[in-house]
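Here's the letter readout for the chains.
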Amino acid sequence: MAKATKPADLRAKTAEELEALLIDLKREQFNLRFQRATGQNEGQARVRTVRREIARVKTIASQALKKNAAGAGAPAAKS
């Protein structure tokens, strides 16, 4: 993942796609942390970007979950 994803692009994704993206970002974060520990890290700014991307994905996934729960838990209108 080369650059930050816009929130509108993330909201268009399904829950499974967000989960896969989150796994990829966490894997990248681990690799960056490992590089920093071994002294091989060249791009310190990427650590910050990945951390913020993870937070953004988690926030949007949480919002989608709450939206779906509110929609499913609402009582149906009587006719």
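Just above, that's the structure.
Residues numbered from 1 in each chain as written. Predicted model: local features only at pLDDT ≥ 70, side-chain atom pairs only at ≥ 80, totals over all residues. Heavy atoms only, no water.

**Q** So what exactly am I meant to see when it comes to the packing of aromatic side chains here?
**A** Think of a pair of aromatic rings as described by two things: how far the centres are apart, and how the planes are tilted against each other in angle. Per the stated rule, a full pass over the model turns up 1 aromatic pair. Ring centres 6.2 Å apart and planes at 35° place the aromatic pair phenylalanine 30 and phenylalanine 34 in the tilted group. Here phenylalanine 30 pairs with phenylalanine 34, and both are found in helix H2 (residues 15-38), just 4 residues apart, close to one helical turn. (Phe/Tyr/Trp six-rings, centres within 6.5 Å; stacked < 30°, edge-to-face > 60°. Helix = DSSP H or I, 4+ residues; strand = E, 2+ residues; numbered from the N terminus.)

**Q** Which parts of the structure should I look at to understand a positive patch on the surface?
**A** A cluster of basic residues, Lys26, Arg33, Arg36, Arg48, Arg51, Arg52 and Lys58, forms a positive patch on the protein surface. Of all elements in the fold, only H2 and helix H3 (44-73) reach the threshold of two or more residues within the positive patch. If you trace the backbone, arginine 51 turns up in helix H3. Classification of arginine 51 by relative accessible area gives partly exposed; the value is 46%. (Patch = residues over 30% accessible without salt bridge, like charges linked within 9 Å, V, L, I, M, F, W, Y side chains within 5 Å. Areas by Shrake-Rupley, 256 points an atom, 1.4 Å probe, with all protein chains shown as cover. Salt bridge = Lys/Arg side-chain N within 4 Å of Asp/Glu carboxyl O. Lys, Arg positive; Asp, Glu negative; His and termini not counted. Charge placed at Lys NZ, Arg CZ, Asp CG, Glu CD. Buried < 20%, exposed > 50% of the residue type's maximum accessible area, 1.4 Å probe, protein only.)

**Q** I keep staring at the environment of lysine 13 and nothing clicks. Help me out?
**A** Structurally, lysine 13 is set in the loop between helix H1 (7-11) and H2. Measuring from C-alpha to C-alpha, the distance between lysine 13 and alanine 61 comes to 9.5 Å, with 48 residues separating the pair along the chain.

**Q** Teacher, can you tell me more about the environment of leucine 18 here?
**A** Structurally, leucine 18 is set in helix H2. A residue is classified by how much of its surface remains accessible, and leucine 18, at 5% relative accessible area, is buried. A C-alpha to C-alpha distance of 8.7 Å links leucine 18 and isoleucine 60, two positions 42 residues apart in sequence.

**Q** Looking at this model, I keep getting lost on the packing of H2 against H3. Mind explaining?
**A** When two helices pack together, their arrangement is captured by the angle between the axes and the distance separating the axes. At their nearest, the axes of H2 and H3 sit 10 Å apart, and the two run at 155° to each other. Accordingly, the angle class assigned to the pair H2 and H3 is roughly antiparallel. Handedness of the H2/H3 crossing: left-handed. When H2 is examined against H3, the residues Leu18, Leu21, Leu22, Leu25, Lys26, Glu28, Gln29, Leu32 and Arg36 are found in contact with a partner set consisting of Gln44, Arg46, Val47, Val50, Arg51, Glu53, Ile54, Val57, Lys58, Ile60 and Ala61. Taken together, the residues of the contact of H2 with H3 sort by class into 11 nonpolar, 2 polar and 7 charged. (Axes fitted to C-alpha atoms, helices over the stretch in contact; angles between N-to-C directions. Parallel < 35°, antiparallel > 145°, perpendicular 65-115°, else oblique. Left-handed = near helix turned anticlockwise from the far one by under 90°. Contact = heavy atoms within 4.5 Å. Nonpolar A, V, L, I, M, F, W, Y, C, P; charged D, E, K, R; others polar.)

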